[in-house]
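Geometric and topological summary
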Amino acid sequence: MAFKDNPTSDKYAKNSEESVNAFKFQVTQKRGFITRSVSPDFGVDENIELLYYNGKEYSGASNKHFAAQLKSIDKDNPYINKGGKDYLKLQFETSRLGYLLRNQPAFGIIVVYDMRKETLYYEYAEKIYSYLKDIHNGDSWKEKKLVTIYIAIDIVLNSESVKEIHSKMFQRHQNASLCFNAYGSDYGINTYEDEITDGKLDFNNPKEIINQLNINGWKLIYSNDYSILLGMLERILQKDILNSSSLIAIAATTFCESGQFIESKFYLQKYFQKFDNKDEFYDSVQFIKYKVEFALGNLDYNGYHELLDKISKKIKGDYNQIIVKINLLYIKLINDTTNRKCNEETIIDIMSIVENIKSSALAEKAKFYLSAYNAINIQVYYINYITSLVGNFKLRNDINKPIFNLEVAQFIQKKDLIEKLIESTLAKTYIYADKNEDNFLKAKCLQDTSNFFFIKNLNALLMNEEFLLPLESNEELYETKINQAFSASSLYEGIARYKDAYSSICIAYELTAFYFHTYGVVILNELFVINSIIKEFATKYGFEPYESQVDDYYLNKSKGVILTEELIEQYADLIVEQLKLPQDRKINIISDLRTIEVFRLTDQSKDFNLLQDLRHTKSFDSYFKNFCTYIIQCKKCGANSESSKEINTILSFVSSHSCLNEK
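The rules behind each value
- Residues numbered from 1 in each chain as written.
- Predicted model: local features only at pLDDT ≥ 70, side-chain atom pairs only at ≥ 80, totals over all residues.
- Heavy atoms only, no water.
- Helix = DSSP H or I, 4+ residues; strand = E, 2+ residues; numbered from the N terminus.
- Contact = heavy atoms within 4.5 Å.
- Axes fitted to C-alpha atoms, helices over the stretch in contact; angles between N-to-C directions.
- Parallel < 35°, antiparallel > 145°, perpendicular 65-115°, else oblique.
- Left-handed = near helix turned anticlockwise from the far one by under 90°.
- Core = buried A, V, L, I, M, F, W, Y, C linked by side-chain atoms within 4.5 Å.
- Buried < 20%, exposed > 50% of the residue type's maximum accessible area, 1.4 Å probe, protein only.
- Salt bridge = Lys/Arg side-chain N within 4 Å of Asp/Glu carboxyl O.

Describing unusual backbone geometry
Leave glycine aside and you will find that most residues have negative phi; peptide bonds, for their part, are mostly trans. Notably, Leu524 is not glycine yet its phi reads approximately 70°, a positive angle. Its place among the elements puts Leu524 in the loop between helix H18 (498-519) and helix H19 (527-541).

Dropping the structure here:
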């Protein structure tokens, strides 16, 4: 079976019980993993879910997964010394490697259990892939059933290395989730030049393809013609690409922008190995390198921001300078989203970019591209602004702190202005794109318009503040937005922007699900029909299965928002800020929020009330000065437990209470 084939279950791929036990001894729940053996084995032995880390311990399923393929070896597998380093040499099915690499965004690891030493070794699947491309000087190995791989014996799977694996895999999911679910590939920015001139190309002539790539490759990139570029790159030899800094840079950029980050990383490594003299492509390749490292979880937001900031200080040209400003601001905004905060002055930075675009001497097309990219920043700011302000109003209401009419009026006015700015920017850009037959820009406007409509209404639903955030109910408007999302997907797929195409289908599903769950009406397609399209698309292009935000909300509606450790920390900060409490009381607020959440998620919460002793709230001096005290009260008979600061102590009252035993 070849690299692109789906592997079959076969007895020779089965691992000994000893190897599985050794693996599960290291990859434990205490260390942040839930391992599930896959049976039958069709390319992956273990499907591993990552647990959240709250700063003290791992707890709480994340629904973020990666795969592991296990192999056992014995005396038949020799140690090989290569370049002064010892490796294990073994045969590996190419179909299984391909399967691992289709598990985006985290991909997976290959784990080898050496029965002679009772030791586990491992390597990331993408590193094996890059090595094979390099050693075979191309992709000919992909057509073989088996391929020889090497696993370094200094990379041992143990208590220390699993920490690094958890961190890297979690970072990959976190970065990919924010980059992809919100805005497709626009966490990084394309560049722009004039369109490629029309001309015929003989796809059977490698020399002509190489010549055209050297002449027009960058123009194709600037015009987002990745389907053409992918077709051209597939028809020339890898050794010809690696002999040219221009072709390596084009290949790295093309694979990155079409979502093939592992392929892109291979060419990036080759570029910096072969061409370290900072040629004319250096800054562009550096930009792509940071983007790929971020997508693969090797950079966090702060690291990505810092590296882009360095580029911004030396980059030349109005377009490039503005594009880096947009990117830097985007990372800052996404970081604010993650931390559930909003710096209201950020709108000044956004409008400054708007003015820079208007006043620049750039061509009309360049200005529209920049405006479309900057519209993403406005959307993220909008989300941060409404969630922060409305959340603030709700908290102040809960703690009986007054909300003034002027504040509410100013919020509504600013919210409406931001909405109009986003909608008018995208509408003007779409008119230009349609007139000039720019399919990328058309798709982007359609995707962003439908997505903004969705996130605006989703937040209105979640916030449940009809006066501040009215919910749209017009069926025809939803139908229009759903059609826009499907149109965006078709356009994106036509230019090989597969992740964006997938994202757009998912937006269509979310809008359909939103209207169905909220108003009980099916628009255009049944949910199972769109879901089957999503699954087919994910299988075809190797994307991670989509988890619907709307479905998840309605499934867990009765439970409300589950407070993670991160959210608890943020709410505690907000309470300290609003009540102007000393910082040393934050730990008591966190303890209170944890106690409430633990009780709320128990089965007993439907039959009992958790009551807090509120005497500490009578004065500023006593507010959360100490840990709170609670009792549990039966909803049926009104009986109370003994008071305690420990939730587990008072929960014991529940298990022995007579009303519960009557059921």
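Here the narrative resumes, following the displayed structure.
Some points on the environment of Leu458
Turning to its location among the elements, Leu458 is positioned in helix H16 (residues 439-463). In this structure, the C-alpha to C-alpha distance between Leu458 and Phe514, residues 56 residues apart in sequence, is 8.0 Å. Discounting chain neighbours no more than four positions away, the residues touching Leu458 are Phe514, Gln549 and Val550.

Focus on the packing of H16 against H18
Interhelical geometry of H16 versus H18 gives an angle of 40° and a closest axis separation of 10 Å. The orientation of H16 relative to H18 falls into the category oblique. Seen from above, H16 lies across H18 with left-handed handedness. Mapping the contact onto sequence places Gln447, Ser450, Asn451, Phe453, Phe454, Asn457, Leu458 and Leu461 in H16 and Asp500, Ser503, Ser504, Ile507, Glu510, Leu511 and Phe514 in H18.

Section: the nonpolar core
Leu308, Tyr381, Tyr385, Phe411 and Leu469 are the most contacted members of the largest nonpolar core, which totals 90 residues. If one sorts the elements of this core by residue count, helix H14 (residues 364-398) sits on top with 18 residues. Leu469 has contacts with Ile386, Val390, Phe411, Lys415, Asn459, Ala460 and Met463, leaving out every residue within four places of it along the chain. Core analysis: the next-biggest nonpolar cluster, separate from the first, contains 58 residues, Leu100, Tyr121, Ile128 and Leu247 among them.

Points about the pattern of salt bridges
Here the idea is simple: oppositely charged side chains can pair when their charged atoms come close. Going through the model one piece at a time under the given rule, you end up with 24 salt bridges. Among the ionic pairs, Asp114 bridges to Arg116, the shortest N-O distance being 3.0 Å. When salt bridges with common partners are traced through the structure, they connect Glu257, Lys291, Arg497 and Asp500 into a single cluster.

Worth remembering: the numbers are spatial, not functional.
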